[in-house]
Amino acid sequence: MELQLQSLALSFKNKPHVIDNISLTMSSGSIVGIVAPNGTGKTTLLRLILNDLKPQSGKVVLDGQTYGSQKQSLAMHRQMCLFPVQDDLYPDLSGKAHLDYYARLWRNRKKSVKQIITALDMHDYVNQPVRTYSMGMKQRLCFGMVMAANTPIMLLDEFMNGLDTINVARMSRILRGLRAEGKLIITVSHLLNNLQGYADLIYFMRDGKIIKTIDQHEQQPLYIQVAADNANRLPRMPWQHYPNGLLVLPVNELPGQHFNQLLLGLAAHHIAFKLAPLDLDTYFNEFYEAER
Amino acid sequence: MGTQLGFDWRQMVHSRKNLALAGLFVAAFIIGFFALMWTHRLDVGQTAQATANAAVANYAEYNLDTLSKSQKPLLANLDAQNSATGVIGLGIKLGEPDTTRNGLLSLRNAQLAMRQRHFKAINTMPLPPLHQLKGDVLTLTRLKNDDKPAVTGVTTSSSYIVTILPYLSWLTGAAAILLACDSWVERRRHQTLMTARPLTAGVAGSSRILTLTGFYLLILAAGLLAIVALPALFNGIGDTAYPLAVMGKTLLPLWQYLLLFGGLTLLAGIWIISFCMLLNTWVTNAYLTTFIAAAVAISPLMLPQVFRFLWFLPIPYLDSYATVSGTLIDRLNQPLASTWIGAGLLLVWVIVNLGLFGYRVKKEVA
Amino acid sequence: MRYFRFQLHQLLTNRKNLAVIGIALVALLCQFIFFPPNKAPAELPTRNALTRDRDKNVAFVNEPHGTLTAKWVPATREFANIETRMLNAQKQQHTQAYVKATLHYLAFLGQNAANPDAQSSPFHYPLSYYFENRQYPDADAAFANATMYRSLEPLAKQAHPDTATIKQQTFWQTLFRGAAGGWLTALLIITILFANDLLTSEQRHRSIARLLPISPWHAVNAKTFTVFTALSGFLVAAVAIIATFVIPQHGLGSLSAAIAYYAKDGMSIKLDPLALGIALPTILGLTFSLMWLFIRLNLLCQLLFHNELVGLVVSAFLLFGEPLYFMHGIAFSVPQTAYYLPGYMNPAAIVSGLQNFRYDTSRMSPLAAVVVIGSVILMLELVLFIVTHRRRAAIIK
C-alpha cells in the first residue's frame, strides 16, 4: 500500500503557504515522523491527508485512489484513523465503550479490544467513565482507539503528550509491533529523541515545505560533538556552532590521522565528547532556533 | 475590576447565544407588529365583540330568574355592557374615534360596576381585573375630557406600546432567563483559566452581574427601538402623552409610565439574573437552570392563592405590568402587592441573592 | 447498527433529553391529578346544574306573564320537559333514554340558543364558552353542540349505552380528547427538543465524529431513527400512564364510538360521524409524519447553519405561527391560508374537522394534511439528500 501526497498546497487568509507544494510518498510497514515547531502546519498536513481540509492544489492518492466522490472518500476513510483529541472524548462513557465503538465502526475483527486493553495496561480504569481519567490515561485510551480501529494507516498527532517514561516506552514498543504488521504510521511528536528511536523516515517542515529528510535506514554521517563551554580548550578546527550549545565537527571532513589525534587530545584533557550522528534535537535547534 | 469587566463584556458580546437572543428579542417585536396589524387580534373591536356575546348569553341565563328582584340591576348592567359594545362597533365602522372611545368608557364603567357590586355573572363574564378597570375608566375619562381618541388597535408606536404592555414581561423575563441561564456555568467550561486567578470572588461575581445587566439593558433598548421605530415608519409615533393609570389611581403620560415600567422591568431582570447566577452554583446545567427559573417565574400564575401569603417574595413582582397597573393585587387578592412594595422587595431580594451567591462561591473556592 | 446503538445511547443519556421526558411525564401525571382531560363535556350539564335550570324554567312557566314574556312560555315548557326527561333517565340509570333526551336537549339549544332572530331568548349555550374570551363564543359553542349531537346519535340506537362513553370518558375517547387538547403539541415540542442538537452536540467530539467511516446520509438517517425509537418508548410510557388513570374508572371503551367530522362547502355544513377506530390511527399517522418532518427539518438546519437556534426558531414558527396570519373570520378573504403548513400542526383538529370550522372550509381534510405535510417532507428529503451527498459533506463543520 502506498500513500502519496502530490504537490499539496494550502494557504489561509491570515497565513499564506501553510503547506507549500509538499510531495511525499509513504509505504506500508513504516513509521514516518513529521517535525516542526508549534503552529507551523503539521496538524494541517494530517488534516489534508484525511481530507478534513481541502488543498488549494495537489492531491492525496492512496493506492491510486483520490478523494473524489463521497463514496471514494468513504472508502479512503475506511483505511485511515486519526488519533482523537482528548477533549473530544465522551465524558460519561467508559474507555471500553470508546474502544468497542471504534472497533465496530471500522469493522475490526482481527484485533480484540481485550488484547488492546492488556497491551496498554488499562484494566484498572477502562470501565470507568472518561471524565474520571487523568491526561495520561486519556492519551492511552485515544491510542487504544486507533489500535481498535486497526486501519492500515494511522495518523498520530502528538500522541505521547502527558505520558510517563514507562508508557512512552510501551507505546514505542507497540508502534514497532504495528509497523511489523505492515501499518503505515504517520506521527507528529515533540519527543524527538524517542521519535528517533522508532521512526523510519523523519521530515522536517519549515515555511510549508519539507526542508530535510532523514532516512534512518541510511547510514548517517558521524560528528564529533562537544559542549560549547569547552570552546577555548579545543584545538583550532572548523567546529560548527549549533544553537543548542554544541560544537560539532563532521568526521568525514577530517583526515584519518587528525581524527585519531583529536580524540586522544580530547580524552587527555578530560573533555567530554560524543561520536555519533546528529540527533533530532540538534537538527531542530539548527533549523528553528537559528531563525529566532 | 476594570480588566475583569472588560473581559466579561467582551465575552458577553461575542457569545453567539447572546447575540442570537438579542436578535430574536428584536425580531419578536417586528413580527408581532405585523401580525397584530394584520390579524387585529388585540383590537378593541374583537374584544368588545366577545363581551357582547357573553352579555347576551348571561342575559339569557338570568333574565328568566324570577327568584329575586335583585337580579334586575344585573340585567340592567348586562344590557349596558351589550349596548356599549354596540356603540364601539359602530364607532369603528363609521371611523369615529370619539364614538368608539365613549362606547369603551361606557363598557368599562359597566364592567367596573359589575366587579364592585359582585353581581352573579361576575364569574361568567369576561371581565378585566378590578384595578385595570379602574385605570381604564380614569384613562378614558381623561381622554374624553381632552377630546382625544383611545387606543383601539395597533397603528402608531404609542398604540403598539399600549397594546402590548400587558405581554411585555413574558418576553423580557424570558430574555433575562436565557441570558443568565449559563452565567456561572460558563466558568466550569474554562476551569484551568479560572483557577487561581488573582481575583476575589466578589470582584468576579460583581463583574459578571454588571456585564449581564448591561447586556440586558442593551437588549431592552434594542427592543424599545424596534417598538418605536417600526410603527413610526408606517403610521408615525402617535401620542407620547397618552395617559395610563398606575395602580388604577394615578394617571401618567405614556413616556413617564414607560420610565416607571422600564425601571421595574430592569429590576425584575436583575433579580432573574442574580437568581440564575445563584442557581448556577448548584445546578451546572444551563437547560435545568432555565427550566427552574422559568417554573419559579410562572408559579404566581399557577398558584395565586399561595402567593397571597407569600407576597413578600419577589416572584409575583416579575410581572411588571401587573405590578404597575395594580392587577397583581387582584390576582393575589393581596392589597400589599403594590408597585412600590414590589420594587422595594425586588431590590432587597437582589441583595439577598447576591449575598447567597457570594457565600456559595467562597465555599466553592475553599 | 453499531452507530445507531451508540447514537441511541447518547440520546437517552443526554441530560437535557432526560429532563424533557421527566418533565413531560410529570406534567401528564399532574394533569390527571389536577386538571383531568376527560371530565364530562360542558355540553352535558351535571345533575345539579340541570335540576337548578329545570326548576327555574318550571317556575317561569307557572308564574303569570305579560305580553313580553308570554311568548317564551311554550318553548320554556318544552325545554323544562326535556330537562325533566334527562333527570329521570339519569335517576333510573336508563342510559338509552338519557341519550335520547340529551339529543333533544342539544337539538333544542342548537335551534334556540344564540339565535340572532330571537333576541332576548332565554336559552344559551354553556356559559364557559363566554367566559374564556373567545372571539366567536357562539360559533364555538354551536360547533361543540353539533359535534356532540353527532357523536351521541349512534349511542341512541344501542339498548344500554355505556355512561362513560356518553360522557366521552373512556380510554379511547380520552386519547382523542387529549390529542385535541394539546398532547400532540407537547409531543411535537418534545420531538423538536430531542432533534434540536442531534448534530451540533457532535461538535464537542469533532475529531471523533467528523472522521468516522460512515456517510453523512447514513448518520442523519440513523439519528432520525434514534429519535423515533426514543419517542416511541416515551409514547408507550405516556399511554400506560393514561390507561392507568382512565381504564379502572371508565373502561377501555369501544373503537366504534364516534366523533364528528365537520366540513363546510359554501353554505352547506356537513357533520358526519367518524369512528374512533379510524380517527385515532389517522391522528397517529399524521402525528408520526409531523414528527418526521420536525426531525428532518432540524437536522437540515443543523447541517446548513451548524447551530441549534435556526432549527428551533423555524420549528417554533411552524408549530405556533398560525396566529400570525390567521384569525377566525378572516380566512374567507385569503382562502389559500387553508394550505399553509402551520394550520396542520394539530392532527386531531384536522381529523375532527375543527380546522375546517375555523377556516370556514372543507379543504383542510386529512387527505389535504397528507398532501401538505407530505410535500414539505419530500422537499426536506430532497434537500437533505443533496446536502449530505455533496462531495465534502460532513455532519459537523
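Residues numbered from 1 in each chain as written. Chains lettered and ligands numbered in written order. Predicted model: local features only at pLDDT ≥ 70, side-chain atom pairs only at ≥ 80, totals over all residues. Heavy atoms only, no water.

Chain B is annotated in an unreviewed UniProt entry as ABC transporter permease from Lacticaseibacillus zeae DSM 20178 = KCTC 3804.

> I would appreciate a short explanation of the environment of C:Thr224 in the present structure.
Topologically, C:Thr224 is positioned in helix α12 (residues 216-250). For the pair C:Thr224 and C:Ile295, spaced 71 residues apart in sequence, the C-alpha to C-alpha distance is 6.4 Å. (Helix = DSSP H or I, 4+ residues; strand = E, 2+ residues; numbered from the N terminus.)

> Just to check I follow, could you spell out the packing of aromatic side chains for this structure?
Note on aromatic pairs: each is described by the distance of the centres and the angle between the planes. All told, the structure shown has 38 aromatic pairs over all chains when counted by the stated rule. Plain terms: the ring middles of A:Tyr283 and A:Phe287 are 6.0 Å apart, the flat faces sit at 15° to each other, and that makes the pair stacked. Here A:Tyr283 and its partner A:Phe287 are both found in helix α9 (residues 280-289), four residues apart, which amounts to about one turn of the helix. Both residues of the pair, A:Tyr283 and A:Phe287, belong to the buried class. Grouping aromatic residues by their ring pairs yields a cluster made of A:Tyr90, A:Tyr101, A:Tyr102, A:Trp106 and C:Phe6. The residue whose ring lies beneath C:Lys16 is B:Tyr287, and the NZ or CZ to ring-centre distance is 6.0 Å. (Phe/Tyr/Trp six-rings, centres within 6.5 Å; stacked < 30°, edge-to-face > 60°. Buried < 20%, exposed > 50% of the residue type's maximum accessible area, 1.4 Å probe, protein only. Lys NZ or Arg CZ within 6 Å of the ring centre and 35° of its normal.)

> What am I meant to see in the UniProt feature "transmembrane region" (unreviewed entry) in chain C here?
Taken from the UniProt record, the annotation "transmembrane region" (unreviewed entry) applies to residues 180-199, 220-247, 274-297, 309-332 and 367-387 of chain C. What you have in residues 220-247 of chain C is 100% helix and 0% strand, and the ends, taken at the C-alpha atoms, are 39 Å apart. (UniProt positions renumbered as here; feature names shortened; annotations may be inferred.)

> How should I be thinking about helix α6 (residues 165-180) of chain A in this particular structure?
Because an α-helix completes one turn every 3.6 residues, residues spaced three or four positions apart along the sequence face the same direction. All names here are of chain A. Between its first and last C-alpha atoms α6 spans 23 Å; for 16 residues at 1.5 Å apiece the expected length is 22 Å, and the two agree. Packed against the buried residues of α6 are β3 (30-35), α4 (113-119), α5 (135-149), β7 (153-157), β8 (184-188) and α7 (192-198). The backbone nitrogen of Ile166 has a side-chain oxygen 3.1 Å away, supplied by the residue at the start of α6, namely Asp164. (Expected span 1.5 Å × (residues − 1). Contact = heavy atoms within 4.5 Å. Polar contact = N/O pair within 3.5 Å; in protein donor to acceptor, adjacent residues only side chain to side chain.)

> Explain the sheet that holds strand β12 (residues 240-242) of chain A here, please?
Pairing between sheet strands relies on hydrogen bonds along the backbone, with the strands arranged either parallel or antiparallel. All names here are of chain A. In space, the four strands of this open sheet follow the order β12-β13-β11-β14, with antiparallel pairing throughout. Looking at strand neighbours, the two that pair on one side only are β12 and β14 (273-276), the edges of this open sheet. Shown here is a sheet whose adjacent strand axes are inclined to one another by a mean of 30°, direction ignored. Pairing between β12 and strand β13 (residues 246-250): three bridges, direction antiparallel. Pairing of His241 across the sheet is with Leu247, part of β13. Here helix α8 (residues 256-268) sits on the sheet in contact with β11 (223-227), β13 and β14, set at roughly 25° to β11. (Pairing = 2+ DSSP bridges. Axes fitted to C-alpha atoms, helices over the stretch in contact; angles between N-to-C directions.)

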